[in-house]
Structure formats: C-alpha cells, structure tokens
Amino acid sequence: MSGHGHDHDHDHAPITNGDEPAAAARARALEELLVDKGVIRREDVRAGIDWLVSRTPADGARLVARAWTDPTFKQRLLADARAAALELGLDPGPAPVVVAVENTEDVHHVVVCTLCSCYPRALLGPPPDWYKSLPYRSRTVSEPRGVLTEFGVELDDEVELRVLDSTADIRYLVIPRRPAGSEGLTEEELAALVTRDSMIGVANAAPRLRR
Amino acid sequence: MTYRVGQRVRVAARHHAGHHRTPGYCKGKTGRIERVHGQFTNPETRAYGGDGLPELRLYSVGFGDGDHRVYADIFEHWLERAP
C-alpha cells in the first residue's frame, strides 16, 4: 500500500500500535474518512480521547463516600445522580441520565451492557476490558451468581440479585455497601475504599484503607 | 400506549434488521415495568443520521423470578400489554 490519499511527495507508514487489531484499523479508516470529508477535525478526536482518559473512578468514589456519610445526599443521588454529581462539582458527562442504585444487605445490583459497552465513563473513567468482553456480557445476564463468585463476591442465597443491562440511554452507578468498621473514617478515607469494581457491582467496597 | 410501574408487558418478538437496543434474550419475554426513565430520542433512526424524533418513552423492564432478575431498558414501541 503506497500513499493514503493525501498530498505528500513521499511514502510513509501510518502511525499505529504495531500489530493493529481489525477494530483499530477500522476506527482509523473511519477517522481518516471523517477528517478528509471535514465532518470532524483531528483536534476533536484528540480532545475526546483526552477527556475520556482524564476521567477516573475517583469521581464516582466521591459521590459514594458522600452518600455514606450524608443520608440526605444519598437520597438526592438516588433520585438524580446527574444533579448530585454537579452538586459536588463533578462532571457527569454527556450521558443524559445517570441512575444510582444502592446495594444493601438484602439487594445486590451488578451492571452490564449486553449490547456493547455502555458505562458511566464520566464518573468511572474508561471501562475495564473485561466489561467489554463477550463472556462478561453474556454470562452476567444468564448466570450472574457464577460471575460474581469469579470476582470474589459470595452472595447469600436470600440476597435479591438484580442485573442491570444498560441497553439504552441510562448509565448505572452502584453505591456499594459501606464496610463494617469504617465508622471512624473521614469522607476522604472512605472514598479510598470505593473501588471501580464495587461501583459496577462485581466487588464489594474495600474493607480497609489501601496504603 | 404508555405504561405504569407494576404493569406486566411483553417485549415484541419481531426481527429488526437495523440498529436497535432491544436485546435478543428478552424478545418475546414477559416482564414488569420497574421504572419510567422518561423520553429519549429513537436510536433506530439516530443510528442512520436521523434526528431520532419523535422521542420515545423508555422503561426499565424486569424479567425473571428465580435466582436473579434482569432489568433491561426497553423503548415503548417494543412493548405490549401482557395479562
């Protein structure tokens, strides 16, 4: 393959990640085309990537820690997570609606997107690779207790298990159970217990501070 | 046709060749309206450059009654009343 359709007087190889997977090649071809046709600019793509990788689960953890310490905030978070995020000065992102759900002694929620990889990226950062994998996406709706066991979560048989499949415009954020023995911790220390996986529902919050 | 929380609904079992957000595993299944999310643009036309209008009501529908329940977000035009 020589040249790729623009005006250079020399051949050069495109900048890739080496052994480029088919999906990456397709994305790159689409980007080339959209830029050539003036639909988007390179800067838009870069700005989008910069935004995505700048997001981290620390923002979601702040919401959860506040909810653990302030019951009225928790009610507001459950009623309208987008507004609650704005209240803490966090960017809830472009998704129209974020719905927070609470794990309790009696009810456990776990989130999946069986159709693709919908995820509250603004509050949790990019989704983990396993979240996008076919086994996670298919098994979480058919045998979720087995999936949770593999992640190290053993639920009692009496616990009601709800699998939330984010098939459309809603992004789900799980409020994990506050660990026993965390009573004396500050809100900041509590936030350190709130892991990414606990906000997807495949893990419980960490039982003690990670040093 | 609009639905209220608690109503039983059946998801249409129809084939849809284009982009749509109704997972195959719940087509033809009966479930319960768990939450009314509000009105959202239609992904079936938006996916092809359309404006997605008119907006459609989106519901959380809960399925199953055994070991676990699955809640999927289903647009109104995929739902019908179930006994």
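Source: prediction; values computed, not measured.

1. A word on the side chain of Q7 of chain B
Residues and elements named next belong to chain B.
Okay, so step 1: Mapped onto the elements, Q7 comes out in the segment before β1 (8-11).
Okay, so step 2: Accessibility expressed as a relative area gives 9% for Q7, which makes it buried.
Okay, so step 3: A polar contact is formed between the side chain of Q7 and the backbone nitrogen of R4, at a distance of 2.8 Å.
Okay, so step 4: Beyond its immediate sequence surroundings of up to four residues, Q7 is in contact with T2, G31, R32, I33 and R81.

2. Details of the packing of helix α3 (residues 57-69) of chain A against helix α4 (residues 71-79) of chain A
Residue and element names in this part refer to chain A.
Okay, so step 1: It is the contact of α3 with α4, at a shortest axis distance of 5 Å, that shows an interaxial angle of 130 degrees. One way to sum up the angle between α3 and α4 is to call them oblique. The two elements α3 and α4 cross, and the hand of that crossing is left-handed. Along its contact with α3, which presents L63, R66, A67 and T69, the element α4 presents P71, F73, K74 and L77.
Okay, so step 2: Partitioned by chemical class, the residues of the contact of α3 with α4 number 5 nonpolar, 1 polar and 2 charged.

3. Side note on the environment of D80 of chain A
Residues and elements named next belong to chain A.
Okay, so step 1: Along the chain, D80 turns up in the loop between α4 and α5 (81-87).
Okay, so step 2: Take D80: its relative accessible area is 38%, and that puts it in the partly exposed class.
Okay, so step 3: Distance from D80 to V97, taken between C-alpha atoms, is 8.1 Å for residues 17 residues apart in sequence.
Okay, so step 4: Engagement of the side chain of D80 in a polar contact is seen with the backbone nitrogen of R82, the distance being 3.2 Å.
Okay, so step 5: Within polar-contact distance, the side chain of D80 engages the backbone nitrogen of A83 at 3.1 Å.

4. What about the interface of chain A and chain B?
Okay, so step 1: The interface is formed by 21 residues belonging to chain A together with 18 residues belonging to chain B.
Okay, so step 2: The tally of links between chain A and chain B comes to 2 salt bridges.
Okay, so step 3: Of the charged contacts in the structure, one is a salt bridge between R145 of chain A and D67 of chain B, with a shortest N-O distance of 2.6 Å.
Okay, so step 4: At the boundary of chain A and chain B, one finds 12 residue pairs in polar contact (both at pLDDT 80 or more).
Okay, so step 5: Top contributing element to the side of chain A that touches chain B by residue count: strand β3 (residues 160-165) of chain A, with 6 residues.
Okay, so step 6: Taken together, the residues that form the side of chain A that touches chain B break down as 12 nonpolar, 4 polar and 5 charged.

Rules used in this analysis
- Residues numbered from 1 in each chain as written.
- Chains lettered and ligands numbered in written order.
- Predicted model: local features only at pLDDT ≥ 70, side-chain atom pairs only at ≥ 80, totals over all residues.
- Heavy atoms only, no water.
- Helix = DSSP H or I, 4+ residues; strand = E, 2+ residues; numbered from the N terminus.
- Buried < 20%, exposed > 50% of the residue type's maximum accessible area, 1.4 Å probe, protein only.
- Polar contact = N/O pair within 3.5 Å; in protein donor to acceptor, adjacent residues only side chain to side chain.
- Contact = heavy atoms within 4.5 Å.
- Axes fitted to C-alpha atoms, helices over the stretch in contact; angles between N-to-C directions.
- Parallel < 35°, antiparallel > 145°, perpendicular 65-115°, else oblique.
- Left-handed = near helix turned anticlockwise from the far one by under 90°.
- Nonpolar A, V, L, I, M, F, W, Y, C, P; charged D, E, K, R; others polar.
- Salt bridge = Lys/Arg side-chain N within 4 Å of Asp/Glu carboxyl O.

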